[in-house]
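Overview (structure and organization)
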Amino acid sequence: FLLVDCSGSMAAGGKMTALNTAIREVLPHLAETSESNPHAQVSVRAIGFSTGARWHIEAPTDPVDLEWVDLQPGGYTDLGAALRLVATALTVPPMEERALPPAIVLVSDGMPTDDFAEALDDLMALPWGARSVRMGVAIRQDAAYDTLTTFIGDPTIEPVTASNPEQLLMALRWATVHVARAASSISPAA
């Protein structure tokens, strides 16, 4: 799952354009990760959040088949709404009981403007939310690191920072491939 910040601040400095380009360029790397692991299938789903949250890619889609449509910036940073939306996909069903842990990558440059802490607690109360592998990508140095660190939930893992388009591509590539590999190396739930 990609949780993508589409708030108004993402319009500044070409951040949204760079993010759309980086996502498009990381898809072949995700496809390669999927192909190299015969025991796991990598699918992509995406949520854009600003004032509210909405599915950008609702159905699990193979990275090879994905045609990325650019997200547009504007509005607030309703990260709590994005977490609540992803939680709807982490119940059984639609999750299979023996699925691999879901990988969730949060990409953001700002502070949440809604009830992020409560929504994260609700997500972590779900069995698949608690088992999820989470990573955060900070857009520029002034991003809300505390929020990203809280989202990751592992004090040994720090958010990845991207201050320019090239770093964003590298950070997104590392984060998505890392969580996909980490999730696929964990045994399915019994």
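Please refer to the structure higher up on the page.
Below is a summary of the structure that appears in this document.

Cut-offs and rules
- Residues numbered from 1 in each chain as written.
- Predicted model: local features only at pLDDT ≥ 70, side-chain atom pairs only at ≥ 80, totals over all residues.
- Heavy atoms only, no water.
- Axes fitted to C-alpha atoms, helices over the stretch in contact; angles between N-to-C directions.
- Helix = DSSP H or I, 4+ residues; strand = E, 2+ residues; numbered from the N terminus.
- Parallel < 35°, antiparallel > 145°, perpendicular 65-115°, else oblique.
- Left-handed = near helix turned anticlockwise from the far one by under 90°.
- Contact = heavy atoms within 4.5 Å.
- Nonpolar A, V, L, I, M, F, W, Y, C, P; charged D, E, K, R; others polar.
- 1 Å grid on protein atoms, 1.4 Å probe; cavity = no way out; pocket = protein on both sides within 12 Å on 5 of 7 lines; lining within 4 Å.
- Points joined across faces, edges and corners; volume = space filled by probe spheres on them.
- Buried < 20%, exposed > 50% of the residue type's maximum accessible area, 1.4 Å probe, protein only.
- Pairing = 2+ DSSP bridges.
- Right-handed = clockwise from strand over helix to strand, strands pointing away.

1. Some thoughts on the packing of helix α2 (residues 79–88) against helix α3 (residues 116–125)
- Interaxial distance between α2 and α3 falls to 8 Å at its minimum, and their mutual angle equals 15°. Here α2 lies roughly parallel to α3, going by the angle between them. As α2 runs across α3, the sense of the crossing is left-handed. Together, L79, G80, L83, R84, V86 and A87 of α2 and F116, E118, A119, L120, D122 and L123 of α3 make up the contact between the two elements.
- The residue inventory of the contact of α2 with α3, partitioned by class, reads eight nonpolar, one polar and three charged.

2. Quick word on empty space enclosed by the protein
- Going through the model one piece at a time under the given rule, you end up with one cavity of 30 Å³ or more.
- Of the pockets and cavities examined, the largest cavity occupies roughly 50 Å³.
- If you trace the largest cavity, you find it lined by F49, T77, L79, L106, S108, D109, G110, P112, A143, A144, T147 and L148.
- Taken together, the elements giving at least two residues each to the lining of the largest cavity come down to β4 (103–108) and α5 (145–152).
- For the lining of the largest cavity, the residue count by class is seven nonpolar, four polar and one charged.

3. Topic: the pairing of strand β5 (residues 133–139)
- Burial analysis of β5 places seven of its seven residues in the buried class, the great majority of the element.
- Both faces of β5 are covered, namely the face carrying V133, M135, V137 and I139 and the face carrying R134, G136 and A138.
- Alignment of β4 against β5, held across six bridges, turns out to be parallel. Of the residues in β5, the one forming a bridge with A103 is V133.
- In the sheet, β5 pairs with strand β6 (residues 160–162) via three bridges, with the strands oriented parallel. Pairing of A138 across the sheet is with T161, part of β6.
- Taken together, β5, α5 and β6 constitute a β-α-β crossover, and its handedness is right-handed.

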